Amino acid sequence: MLVEKNIACTMRDGTVLYADIYRPHEDGEFPVLLTRLPYNKDLPFYSHRYLDTNRLVESGYVVIIQDVRGRFHSEGEFEPFLNEAEDGYDTVEWAARLSYSSGKVGMFGLSYYGFTQLLAATERPPSLQAIFPAQTLSDLRDGNFYYHGAYGLGGSETWVLESIAPDLIKRKYKDPDSYEQAMKKLAKSIDHIEEWYRHAPIKDWPPIKELGVASYFFEQLERGLEDENWQRSSITNKYDQINVPAFHLGGWYDSLLGSTIDNYMGMKANADGSGAREHQKFIIGPWAHGNFGSVIGERKFGSHAAEDWIDHKEDLTNLHLRWFDYWLKGKDTHIGEEAPVKIFIMGINQWRDEQDWPLARTNYVPYYLHSEGGANTGGGDGKLSMVKPDKEPTDHFVYDPENPVPTCGGGTLHDSVNVTGPRDQRKIEEREDVLVYTSEPLKQPVEVTGPVKVKLWAATDAKDTDFTAKLIDVLPNGTAYNLTDGIVRARYRNGYKPEADLNGEVVQYEIDLWATSNVFLAGHQIRIEISSSNFPRFDANLNTGKTMLNSAESKTANQTIYHSEKYPSHVILPVV
């Protein structure tokens, strides 16, 4: 293998980006596998991550790993995602023209460098033949920086502080002493990040403000969700511009699961040309963001769940090779004949091939909330059943932004201890501001696979507030593992355009819990939690009409949850 470091690639505006190239040490022309990332091409954990790039080269590929604009060796100013479409096009076509290139290019990578593939594909570079986007984005307002109006505080602040700031500090502080002091300040902030999560207003966030870097962080905070600038880095309205086959990879506990599913469904329905639409594939494991192991959170899913032995058959590198061999080398790897969807069903811990998503045979079954007015805590009287409610008293709790419900597991992407994946929720369920609705023990297994939504009728005395929901699998011993969850900000309950202040009326909310696949085994119980916060995964709504982005003043909110014939709050479970 030949390794060439810091090879220049000039963009259309004259900016030079630099890449490392790994290629076979032999004569000939080879297809290219390209990834473009902001995390340093020289750092193996990021640039190679979950793939064995040595095996890719040994299998006859040129592997190119490029620092995106404004990062590490590359020139220019870093503005997240805004230049990746055009820069991606230029890099793909540059790679195709290399003397040892066959002219065919594929792209791979996860998260940010999953999105650089999709953004490049919207520009239709002629040499791009196939992509493999893993755990990635669709629109920054829908599952990344924002979630249905709520700010993704933990992930956004962790990302800028840990992943983005260090290189920007190195670029800004050329004097060794100044650089050392800036890095010490950064390290101290990272060590105390859980305290910084609580700082408001975020528009003056000291860990970044005092360093004078990452101006984009504050610029985004000033931008309303309806601002047209978000469209520059969105692909939700550009699926019809993409004309390449794509293999989408997701995880049930991934922080970007919703957008990964949207990308598969959007491209399968709208990609340009039947060839592209018919050649979209999808795999979802029990994984968290960038974690493809067999142990996620507090649960072990079996060795066949892990990246190195998927379904007792192959690892992720081999899956990539079969995909790219098919599209870039014309080999019959049988991947084109395989089912388009492969999912891991938790509970029974098995992989299964499917022909569609959501599954065509799904029954969408409403499970209704019930209580005698005392659903607070796991010891309350909240029930969950398929019986519609009649006349029932409402449930009440007080939401205090100064004491929000702490994040406990889920699709998180921030720096706290024991927060990712499935976690026992019983400690959370001791809180009076958490309503708990639980079914009777199941007499037979129930498989829930597909999108999950909660229809909630609620009232508040606040100007604006949040409502959260969580789907939980309760074991016979009482252990309560979260499966999926969601949040809705009242002001943004109908989209990106903000609604007027609330005035105490009963409002119907739809809380999108994204999706899951789990068999609730016999003896297990199905549980729904309802509350108003999940911090620091999401910013705590101040209940004043302002947010942590621009204010520090808060007030408590008196929340009322309805479940009656007129207001039948329920969760819709996709039962298979």
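Because the structure is predicted, anything quoted here is derived from the model rather than measured.

Chemist: Please clarify how helix α4 (residues 112–122) should be interpreted in this entry.
Modeler: Count 3.6 residues to each turn of an α-helix, and residues three or four apart come out pointing the same way. Within α4, eleven of the eleven residues are buried, which leaves the element mostly enclosed by the surrounding structure. Here α4 has its buried residues at Y112, Y113, G114, F115, T116, Q117, L118, L119, A120, A121 and T122. Phi for R124, located one or two positions after α4, is positive at around 55°.

Chemist: When you look at the domain arrangement of the protein in this model, what are you seeing that I'm missing?
Modeler: Accessible area lost upon the coming together of the parts serves often as the stated size of an interface. As assigned here, the protein comprises domain 1 (2–142 + 231–354), domain 2 (150–224) and domain 3 (363–575). Here the C-alpha centre of domain 3 lies 32 Å away from the C-alpha centre of domain 2. Listed per partner, the contact involves 19 residues of domain 2 and 20 residues of domain 3. Between domain 2 and domain 3 the total buried area reaches about 1500 Å² when both faces are included, carbon and sulfur atoms providing 63% of it. Of all residues in domain 2, A150, Y197 and R198 bury the most surface against domain 3, accounting for 32% of the area lost on that side. The tally of links between domain 2 and domain 3 comes to zero salt bridges. The interface formed by domain 2 and domain 3 includes six residue pairs in polar contact (both at pLDDT 80 or more). Contributions of two or more residues to the side of domain 2 that touches domain 3 are made by β8 (150–151), α5 (153–172) and α7 (193–196). Looking at the side of domain 2 that touches domain 3, the element that brings in the most residues is α5, giving five residues. Among the residues making up the side of domain 2 that touches domain 3, the classes are represented as ten nonpolar, five polar and four charged.

Chemist: Looking at this model, I keep getting lost on the layout of surface pockets. Mind explaining?
Modeler: Space left empty within the atom packing is revealed by a probe, the size of a water molecule, rolled over the atoms. Computed from the structure, the largest pocket encloses a volume of approximately 770 Å³. Only α5 and β11 (295–296) provide two or more residues apiece to the lining of the largest pocket. Across the lining of the largest pocket, the residue classes tally to 14 nonpolar, 16 polar and four charged. Of the voids in this model, the second largest pocket is the one considered here, and its volume is about 320 Å³. L221, Y492, T547, L549 and N550 are the residues nearest the centre of the second largest pocket, which is lined by 19 residues in total. Among the residues forming the lining of the second largest pocket, the class breakdown is seven nonpolar, five polar and seven charged. Two domains each donate at least three residues to the lining of the second largest pocket, and these are domain 2 (150–224) and domain 3 (363–575).

Chemist: Even after reading the chapter, I still don't get the sheet that holds strand β14 (residues 350–354), so can you show me in this structure?
Modeler: Pairing between the strands of a sheet is mediated by backbone hydrogen bonds and can be parallel or antiparallel. Pairing in this open sheet of ten strands is mixed, and the strands run β1-β2-β4-β3-β5-β6-β9-β10-β13-β14 from one edge to the other. Edge positions in the sheet fall to β1 (2–10) and β14, since each of these pairs with one other strand and no more. This sheet shows a mean twist of 20° between the axes of neighbouring strands, independent of strand direction. Judged from the two bridges that link them, strand β6 (residues 128–134) and strand β9 (residues 246–253) form a sheet pairing that is parallel. Looking at β9, one finds that I131 is bridged to A246.

Chemist: Looking at this structure, how should I read the packing of aromatic side chains?
Modeler: Describing an aromatic ring pair means giving the distance of the ring centres and the angle of the ring planes. Counted by the stated rule, this structure contains 29 aromatic pairs. Arranged with centres 6.2 Å apart and planes meeting at 70°, the rings of W159 and Y216 form a pair that is edge-to-face. One end of the pair, W159, is in helix α5; the other, Y216, is in helix α9 (residues 215–221), with 57 residues separating them in the sequence. Here the two residues W159 and Y216 agree in accessibility, since each one is buried. Over the ring of Y173 we find K172; its NZ or CZ atom is 5.7 Å from the centre of that ring. Over the ring of F218 we find K209; its NZ or CZ atom is 4.4 Å from the centre of that ring.

Chemist: I keep staring at the pattern of salt bridges and nothing clicks. Help me out?
Modeler: Pairs may arise between side chains of opposite charge once their charged atoms sit close together. With the rule as written, the count across this model stands at 38 salt bridges. For K313, the salt bridge is made with D311, and the minimal N-O distance between the two is 3.5 Å. Taking relative accessible area as the criterion, K313 reaches 63% and is therefore assigned exposed. Here D539 ties to R489 by a salt bridge, and the two come within 2.9 Å at their closest N and O atoms. Placement of D539 in the loop between β23 (525–531) and β24 (557–562) and of R489 in strand β21 (residues 480–489) is noted, with a sequence separation of 50 residues between them. Neither D539 nor R489 differs from the other in exposure class; each is buried. Residues joined by salt bridges that share partners form a network here, namely K5, D20, K41 and D42.

Chemist: Explain the packing of helix α3 (residues 84–97) against α4 to me, please; I cannot follow it from the model alone.
Modeler: What describes two packed helices is the angle between their axes and the distance between those same axes. The contact between α3 and α4 brings their axes to 7 Å, and the two run at 80°. Classed by the angle they form, the pair α3 and α4 counts as roughly perpendicular. Contacts between α3 and α4 pair E84, A85, G88 and Y89 from the former with Y112, T116, L119, A120 and T122 from the latter. A per-class count over the contact of α3 with α4 returns five nonpolar, three polar and one charged.

Procedures and definitions
- Residues numbered from 1 in each chain as written.
- Predicted model: local features only at pLDDT ≥ 70, side-chain atom pairs only at ≥ 80, totals over all residues.
- Heavy atoms only, no water.
- Buried < 20%, exposed > 50% of the residue type's maximum accessible area, 1.4 Å probe, protein only.
- Helix = DSSP H or I, 4+ residues; strand = E, 2+ residues; numbered from the N terminus.
- Domains from an automatic or database assignment.
- Contact = heavy atoms within 4.5 Å.
- Buried area = accessible area lost by both parts, 1.4 Å probe.
- Salt bridge = Lys/Arg side-chain N within 4 Å of Asp/Glu carboxyl O.
- Polar contact = N/O pair within 3.5 Å; in protein donor to acceptor, adjacent residues only side chain to side chain.
- Nonpolar A, V, L, I, M, F, W, Y, C, P; charged D, E, K, R; others polar.
- 1 Å grid on protein atoms, 1.4 Å probe; cavity = no way out; pocket = protein on both sides within 12 Å on 5 of 7 lines; lining within 4 Å.
- Points joined across faces, edges and corners; volume = space filled by probe spheres on them.
- Pairing = 2+ DSSP bridges.
- Axes fitted to C-alpha atoms, helices over the stretch in contact; angles between N-to-C directions.
- Phe/Tyr/Trp six-rings, centres within 6.5 Å; stacked < 30°, edge-to-face > 60°.
- Lys NZ or Arg CZ within 6 Å of the ring centre and 35° of its normal.
- Parallel < 35°, antiparallel > 145°, perpendicular 65-115°, else oblique.

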